[in-house]
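Residue strings, one per chain:
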Amino acid sequence: MITRRKFVKKSSMGGSALLAAAVVPFYILPSKPKLGEQILGHGDFKYKVETQWGNLDPKVFPVNNCHEMVMDRKGRLFMLTDHPKNNVLIYDRSGKLLGSWTLNLSSAHGLTIHEAGGEEYLYITDPGSGRVLKSTLEGDVVFELDAPDKIGEYDGRMFYRPTETAIGPNGDIYVADGYGSQYILQYNSEGEFIRKFGGDSFLQPDKFKQVHGVTLDTRDPNNPSLLCTARIKNSFKRFSLDGKYLETFYLPGAFVSRPVIDGDNIYSGVCFGMEKGNYNLALNKGFVTILDRENKVVSNPGGTKPKYKNGKLKLMLQDQTVFKNCHDVCVDGDKNLYVCQWNANGVYPYKLHRI
């Protein structure tokens, strides 16, 4: 059991009865998939879309934004919303609702799953309240990380609005302060602060503009590293586990969300895009982007076909108006995709069936 030393105990979080998860024994029989004839994607990564896959009764299970989704070892899909009535909706792969619970968070944003000691846990970030929580899959809070301003790592002029977490091979916790001061903050598995790296700069390659996501890249098992999002720079940046900058993958036209590793590939929701001839960030221009082991874009479901000229990736744009603002992608065992969207009129996740 991970020590709770230097963590805020569940009983001190105020109204533990309110925070305690309540799994809802509510089941909805899934309808048959309604797949359009439209094909999204390129090369070996092509899909048909089931837009009604995750649909529920919005009066019973409302969502403001479907932020992120992860899959546990049983194949259940945990989807995070920022509606305090139900922060987590649990689906099976057919779209049937298995349960729901809430921590009463009104800006729940980042969701990471990690196994330790034979048990799986969720890490949830809430930028509005500046909190990073670890919970069981049933929604019982195990601990809360100390915020950097509480331990003297941020001064009074620095904002802390964490958006994502990643867990290192040794259990270290990396927190992306994506809506705050643009640092990656590293804690050990007991919650003791180790270091911060990054910071806010548009020009410096080792710094960020909206470090929206962070993930552990284990595709080279002998040399794991961190992939971090620099959304406003249209980039992913690689760092060593001790915070040393290594390289940047530039994705012109794509204001990417967190990178998701599955097999040899990186998947990401493109939350914002551009309009042809206008290089400013544009709403409702989202798509999905997929990179191969060499970190080259191989498919853009909903977007233009990736093209390279003299080794450089050309501008990528939305090509099919399927998505508004893609916030996350989850990949199942059959390589189907589940796409969560922000600011999309309260839509539930779409399923992309790989063909």
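The structure contained in this document is the topic of the report that follows. (Residues numbered from 1 in each chain as written. Predicted model: local features only at pLDDT ≥ 70, side-chain atom pairs only at ≥ 80, totals over all residues. Heavy atoms only, no water.)

Counting secondary structure elements, the chain contains one helix and 29 strands. Here the chain has a C-alpha radius of gyration of 19 Å; the compact-globule value for 355 residues is 20 Å, and the two agree. Taking contacts inside the chain between residues at least 6 apart in sequence as the whole, the part at least 24 apart equals 49%. In the form shown here, the chain has an accessible surface area of approximately 15200 Å², with 49% of it arising from carbon and sulfur atoms. Here the chain carries 45 positive and 39 negative side-chain charges, and the mean point of each set is 5 Å from the other. (Helix = DSSP H or I, 4+ residues; strand = E, 2+ residues; numbered from the N terminus. Rg over C-alpha atoms; globule rule 2.2 N^0.38 Å. Contact = heavy atoms within 4.5 Å. Areas by Shrake-Rupley, 256 points an atom, 1.4 Å probe, with all protein chains shown as cover. Lys, Arg positive; Asp, Glu negative; His and termini not counted. Charge placed at Lys NZ, Arg CZ, Asp CG, Glu CD.)

Right, let's talk about the layout of surface pockets for a bit. Any space left empty among the atoms is revealed by the rolling of a water-sized probe across them. For the largest pocket, the calculated volume is near 680 Å³. What lines the largest pocket is a set of 29 residues, among which Val 70, Ile 113, Thr 215, Val 260 and Ile 261 lie closest to the centre. Looking at the lining of the largest pocket, the elements that each hand over two or more residues are strand S3 (66–71), strand S7 (110–116), strand S11 (164–167), strand S15 (214–217), strand S20 (260–262) and strand S27 (326–331). (1 Å grid on protein atoms, 1.4 Å probe; cavity = no way out; pocket = protein on both sides within 12 Å on 5 of 7 lines; lining within 4 Å. Points joined across faces, edges and corners; volume = space filled by probe spheres on them.)

Judged by nonpolar contacts, the single largest core of 17 residues is most densely connected at Tyr 47, Tyr 267, Val 288, Phe 323, Leu 337 and Leu 352. Elements supplying a minimum of two residues to this core: strand S2 (45–50), strand S23 (287–291), S27, strand S28 (337–341) and strand S29 (350–354). Setting aside anything within four residues of it in sequence, one finds Val 288 in contact with Ser 268, Ser 299, Asn 300, Pro 301, Phe 323, Cys 326, Val 329, Leu 337 and Val 339. (Core = buried A, V, L, I, M, F, W, Y, C linked by side-chain atoms within 4.5 Å. Buried < 20%, exposed > 50% of the residue type's maximum accessible area, 1.4 Å probe, protein only.)

Before going further, it helps to spend a moment on the environment of Asp 332. By secondary structure assignment, the location of Asp 332 is in the loop between S27 and S28. Each C-alpha atom, one on Asp 332 and one on Met 71, is 7.4 Å from the other, the two residues being 261 residues apart in sequence. Once residues lying within four places of it in the same chain are set aside, the contact partners of Asp 332 are Met 71, Arg 93, Tyr 338 and Lys 351. A polar contact is formed between the side chain of Asp 332 and the backbone nitrogen of Asp 334, at a distance of 2.8 Å. A distance of 2.9 Å separates the side chain of Asp 332 from the backbone nitrogen of Asn 336, its partner in a polar contact. (Polar contact = N/O pair within 3.5 Å; in protein donor to acceptor, adjacent residues only side chain to side chain.)

What follows deals with the sheet that holds strand S12 (residues 173–176). Judged by pairing direction, the sheet is antiparallel, and its four strands sit side by side in the order S11-S12-S13-S14 without closing on themselves. Since the sheet does not close on itself, it has two edges, and those belong to S11 and strand S14 (193–198), each with one partner. Looking at each pair of strands side by side, their axes are set apart by 20 degrees on average, direction ignored. As paired elements, S11 and S12 share four bridges and run antiparallel to each other. Directly across from Thr 165, in S12, lies its bridge partner Val 175. (Pairing = 2+ DSSP bridges. Axes fitted to C-alpha atoms, helices over the stretch in contact; angles between N-to-C directions.)

This next bit is on the packing of aromatic side chains. Counted according to the given criterion, the structure contains eleven aromatic pairs. Summarising the aromatic geometry, the rings of Trp 53 and Tyr 91 are spaced 4.7 Å apart at their centres and angled 40 degrees between planes, so their arrangement reads as tilted. Remark: Tyr 91 occurs in strand S5 (residues 88–91) and Trp 53 occurs in the loop between S2 and S3; sequence separation between them is 38 residues. For the residue pair Trp 53 and Tyr 91, the accessibility class agrees, reading buried in each case. Taking the centre distance of 6.4 Å and the plane angle of 65 degrees together, the rings of Tyr 123 and Phe 143 count as edge-to-face. Here Phe 143 lies in strand S10 (residues 141–144) and Tyr 123 lies in strand S8 (residues 119–126), a separation of 20 residues in the sequence. Accessibility classification places Tyr 123 together with Phe 143 in one group, the buried group. (Phe/Tyr/Trp six-rings, centres within 6.5 Å; stacked < 30°, edge-to-face > 60°.)

This part covers unusual backbone geometry. Positive phi values are uncommon outside glycine, yet Gln 210 reaches one of about 65 degrees. Its location among the elements puts Gln 210 in the loop between S14 and S15.

Another aspect to go through is a nonpolar patch on the surface. Taken together, the side chains of Phe 202, Leu 203, Ile 232 and Leu 281 present a nonpolar region at the surface, about 410 Å² in accessible area. As for its position among the elements, Leu 281 is in strand S22 (residues 278–282). (Patch = residues over 30% accessible without salt bridge, like charges linked within 9 Å, V, L, I, M, F, W, Y side chains within 5 Å. Salt bridge = Lys/Arg side-chain N within 4 Å of Asp/Glu carboxyl O.)

Right, let's get into the environment of Gly 110. Among the secondary structure elements, Gly 110 is positioned in strand S7. Note on Gly 110: relative accessible area 0%, which makes it buried. When the C-alpha atoms of Gly 110 and Gly 213 are compared, they prove to be 8.3 Å apart, with 103 residues separating the residues in sequence. The residues touching Gly 110, leaving out its near neighbours within four places in the chain, are Glu 68, Leu 80, Tyr 123, Ile 124, Thr 125, Thr 163 and Glu 164.

Overall, antiparallel pairing links the five strands, which are arranged S1-S2-S29-S28-S27 in an open sheet. The sheet is open, and its two borders are formed by strand S1 (40–42) and S27, each paired with just one other strand. Strand-to-strand, the axes of this sheet are offset by a mean angle of 25 degrees, without reference to chain direction. Where S2 and S29 come together, four bridges link them in antiparallel fashion. Across the sheet, Val 49 pairs through a bridge with Leu 352, a residue of S29.

Further remarks concern the pattern of salt bridges. On inspection of all chains with the given rule, the structure shows 19 salt bridges. For the salt bridge of Arg 76 with Asp 72, the shortest nitrogen-to-oxygen distance reads 2.8 Å. Of the residues examined, Asp 72 reaches a relative accessible area of 4% and is grouped as buried. Of the charged contacts, one joins Arg 238 and Glu 247 as a salt bridge, the two residues approaching to 2.8 Å between their closest N and O atoms. A relative accessible area of 31% means that Glu 247 is categorised as partly exposed. A network of salt bridges, in which partner residues are shared, links Glu 68, Glu 164, Arg 258 and Asp 328.

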